[in-house]
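Listed here are the chains, written in short residue letters.
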Amino acid sequence: MSGADGYSVLFEPVQIGPVTARNRFYQVPHCNGLGHLRPQAEAAMRAMKAEGGWAVVSTQEAEIHPTSDLSPYSENRIWDDRDIPALRLITNSIHEKGSLAAIQLAHNGHHAQNHLTRAPLLAPSELVLQTPYPKQARAMDKSDIREFRKWHRDAARRSREAGFDIVYVYAGHHMTLPHHFLLPQFNDRPDEYGGSIENRVRLTRELLEDTKEEVGDDCAIALRFAVDEMLGSDGMQAQEEGRAVVELLAELPDLWDVNVADWSNDSATTRFEPRDGFQTSYIEFVKQVTSKPVVGVGRLTSPDLMVSLVKKGILDFIGAARPSIADPFLPNKIKEGRVEEIRECIGCNICVSSDALGVPIRCTQNPTMGEEWRRKWHPEIIERRGNEEAALVVGSGPAGLECAMQLARRGYEVTLAEAKQELGGRVLQESGLTGLSAWKRVTDHRIYDLQQRGNVHLFTDSRLSASEVVELGIPNVFLATGATWRRDGRGKSAFRGVSIESASLVLTPDDIMSGVVPEDGPIMVYDDDQGYLGGVLADHLAQAGQEVVFVTPASMVSPFTELTLEQTKVQRSLLEKGVRLTLSQTLTSVAPSQAILRCVYTERERPIECSSVVLVTQRARETALYDELRGLADSPLSKLELIGDAANPGLIADAVYSGHMAARNFERDAGDIDREFFRREIVSLETK
Ligand code: ADP
Ligand code: SF4
């Protein structure tokens, strides 16, 4: 299908109870680390979605009462009337751009920990917290349930006062009381709120009725419901109780927002769920049961898939959290026939990690995400160039490509030189590993953009020396020369490196990614980095049939991936592929057929048999060209900046951000740039 006309069905208005959405693009609630601590930043971020064409823009979950306190995470908060002004900032910003504003009311039950409020924890039954914190929730009695319903009703009223058009009842992700009441794994009550599905659904029904009665004349009432727990017969399944819930409540909400639980399954990464639209088979029954509009998700970025989901009668609204983060202007790009310009989500969950860290959202694909208020970055608009006319970018990894693309958008004559035969740097390498192929979208998007522009000159197979840079006669130079993995073992656990006997076969991630395959096993992957790459490499080698031993000082595989909701899946995948896990051990020395490990607790040493070792420890910045150019006596360069991994090794998201920042800030006042670091929302000292 091609041309905007083929997508016209996506731009039909749809009525939701008393309100009408101008098209079928629906930004479902998503966390972002802004929330009640950073309301201005959240308002600016949500406004960008509305400007980009999302007809409905939702908040993240909004805690309705101090007994649902998610501190230290910064979600939205609607505890009392004093929260209304901050929320009104958000609704105003969405309305100004012509979209509807939705709020996801949440009581998190025993998913909250109430660290700030120290309020009692509530649950359908006596339950222990899922976190290591040794606290329990008490089973709610009838008066607790009555109170909870009142809090929810009050929050709905405040939502209307704050200007929301759609008010949610939230029964999903294993994260809220209505969901906990629905599920036998949390609810063994003997009364009318437990037992049969009719009883377990009672609380959700009451909340829907209460909310409708309170605000239903003005606001649409949405139900967010996880139709399947993805636990097989151990949990709620879409075709059994999931369907029964939809049948029991079919016409009660004005909108069904359906997905799967828990959050790690709903926001599955491409590493473990590569298919766009992966939730379709779970949610497709819903529209057969209800006449109300249905929104669903599943990393929907392809307009053809969107059209088919609507035309087949599976969805009324194209729901998106991550695709709207990666490209807030996705709807407008489809409408304007600019489908090739969509910045597709790569499913890496770096956005999710920000929420887990309690810091403003960031995105690998969209470096402006979370910076709409602080730096006033707009994903589609960038300042025209100043007095300078041309720029040279050296290196075509994520930093170099992003920098070149933004400089070109600003109107500079851009030359990009890459030493290798193909553009892409680390993204090209990493996307060749098992499970990471979707990451190539980072370079695909940028290379495509650069190739469309008349003011860009791309050179591959062009390793530049300092004299060649000078000879080019371009006075403004950005060096994105990257970093390489060290071969000496220096890292978190070994500042001075590891003792390595000559004749030992020591490899680095760069070797493996370049296709080096050791002939004999076992291969030891030593993951001192503890990010994602060590686990990916072990998986990749095991998948290729190698015998792999995974050694790490951490007490689990790839602890970083807890932040991206992947850790359990990572460890399970290695175990299922027969990788031997040796945890809580550092590597002290390597010999040709064995290595010596040391327990991080007892310091006891022991040998381990291996024919080769892949060291995932630390990266060395590639600064030779920078050092040489900086050292030139009579440098003709007026600008020389090191960016990306060459400046600070980090995530691909960090490299993209660094390239973006350098391009935006070129020819800007240094004082203005510096002041942006200090721009933040300062807590009021007012006491009331
Ligand atoms: P980043 O993540 O910062 O973008 P990468 O490691 O992904 O960094 O990419 C760096 C790229 O720079 C690599 O593709 C590498 O081949 C290239 N490169 C390094 N030095 C030179 C050089 N002197 N001339 C041209 N390209 C270079
Ligand atoms: Fe998608 Fe990754 Fe961006 Fe999240 S951070 S929206 S998963 S590209």
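Residues numbered from 1 in each chain as written. Chains lettered and ligands numbered in written order. Predicted model: local features only at pLDDT ≥ 70, side-chain atom pairs only at ≥ 80, totals over all residues. Heavy atoms only, no water.

Draft legend 1. Structural detail: the site of ligand 1. As a matter of local geometry, ligand 1 sits amid 24 residues, with A399, E418, A419, R426 and D645 nearest to it. The side chain of E418 places a nitrogen or oxygen atom 2.6 Å from an oxygen atom of ligand 1. Between A480 and ligand 1, the recorded distance is 3.4 Å, taken from a backbone N or O atom to an oxygen atom. Contact with the protein chains covers 94% of the free accessible surface of ligand 1, which is 580 Å². For the shell around ligand 1, the elements supplying multiple residues, two or more each, are α15 (398-410) and α16 (425-430). At three residues, α15 tops the list of elements feeding residues into the shell around ligand 1. (Near = heavy atom within 4 Å. Polar contact = N/O pair within 3.5 Å; in protein donor to acceptor, adjacent residues only side chain to side chain. Areas by Shrake-Rupley, 256 points an atom, 1.4 Å probe, with all protein chains shown as cover. Helix = DSSP H or I, 4+ residues; strand = E, 2+ residues; numbered from the N terminus.)

Draft legend 2. How the structure looks around the side chain of E61. Relative to the helices and strands, E61 is located in strand β4 (residues 56-63). Of the side chains bearing the opposite charge, R224 lies closest to the buried E61, which forms no salt bridge; the N-O distance is 7.6 Å. A polar contact is formed between the side chain of E61 and the side chain of N108, at a distance of 2.8 Å. Beyond its immediate stretch of four places on either side in the chain, E61 contacts C31, L70, E75, N76, Q104, A106, N108, Y170 and M175. (Buried < 20%, exposed > 50% of the residue type's maximum accessible area, 1.4 Å probe, protein only. Lys, Arg positive; Asp, Glu negative; His and termini not counted. Salt bridge = Lys/Arg side-chain N within 4 Å of Asp/Glu carboxyl O. Contact = heavy atoms within 4.5 Å.)

Draft legend 3. Representation of the pairing of strand β14 (residues 317-320) in the model. Here β14 shows no split at all, with F317 and G319 on one side and I318 and A320 on the other all buried. Relative to β14, strand β3 (residues 25-27) runs parallel, the two being bridged by three bridges. Paired with Q27 across the bridge in β14 is A320. In terms of strand pairing, strand β13 (residues 294-296) meets β14 through two bridges, oriented parallel. Bridge pairing in β14 places V295 opposite F317. Viewed along the sheet, the connection from β13 through helix α11 (residues 303-311) into β14 turns out right-handed. (Pairing = 2+ DSSP bridges. Right-handed = clockwise from strand over helix to strand, strands pointing away.)

Draft legend 4. Structural detail: the packing of helix α3 (residues 142-161) against helix α6 (residues 202-215). Running from N to C, α3 and α6 cross one another at 35 degrees; their axes reach a closest spacing of 9 Å. Crossing hand, α3 versus α6: right-handed. On α6, the residues touching I145, F148, R149, H152, R153, A156, R157 and R160 of α3 are L203, E206, L207, D210, T211, E213, E214 and V215. A per-class count over the contact of α3 with α6 returns six nonpolar, two polar and eight charged. (Axes fitted to C-alpha atoms, helices over the stretch in contact; angles between N-to-C directions. Left-handed = near helix turned anticlockwise from the far one by under 90°. Nonpolar A, V, L, I, M, F, W, Y, C, P; charged D, E, K, R; others polar.)

Draft legend 5. Spatial organisation of helix α23 (residues 652-665). An ideal rise of 1.5 Å per residue puts 20 Å on 14 residues; α23 measures up with 20 Å between its terminal C-alpha atoms. Taking burial as the measure, the 14 residues of α23 include eleven buried ones, the bulk of the element. Those residues of α23 that fall on the buried side of the exposure criterion are I652, A653, A655, V656, G659, H660, M661, A662, A663, R664 and N665. (Expected span 1.5 Å × (residues − 1).)

Draft legend 6. Spatial organisation of the domain arrangement of the chain. Per the domain assignment, the segments making up the chain are domain 1 (4-357), domain 2 (390-482 + 622-666) and domain 3 (488-619). Look at where the C-alpha atoms of domain 1 and domain 2 centre, and you get two points 40 Å apart. Each partner contributes to the interface: domain 1 provides 13 residues, whereas domain 2 provides eleven residues. Roughly 980 Å² of surface becomes buried between domain 1 and domain 2 when both sides are summed, with 62% attributable to carbon and sulfur atoms. Taken together, the links from domain 1 to domain 2 amount to two salt bridges. Salt-bridge contacts for R441 lead to E344; the nearest nitrogen and oxygen are separated by 3.7 Å. (Domains from an automatic or database assignment. Buried area = accessible area lost by both parts, 1.4 Å probe.)

Draft legend 7. Spotlight on the pattern of salt bridges. Taken as a whole and judged by the stated rule, the model has 51 salt bridges. When the shortest N-O distance is used, the salt bridge between R138 and D144 registers 2.9 Å. Judged by its relative accessible area of 8%, D144 is buried. A salt bridge links E676 to R668; the nearest nitrogen and oxygen atoms lie 2.9 Å apart. What emerges from the salt-bridge pattern is a single network uniting R149, R153, E206, D210, E213 and E214.

Draft legend 8. Just the nonpolar core, in detail. By size, the foremost hydrophobic cluster in this structure holds 79 residues, and its most contacted members are L10, F25, F225, W256 and I334. Apart from residues no more than four positions distant in its own chain, L10 is found in contact with N23, R24, F25, P303, M306, V307, V310, I318 and I334. Of all hydrophobic cores here, the second largest spans 32 residues; its members include L433, W485, L537 and I652. (Core = buried A, V, L, I, M, F, W, Y, C linked by side-chain atoms within 4.5 Å.)

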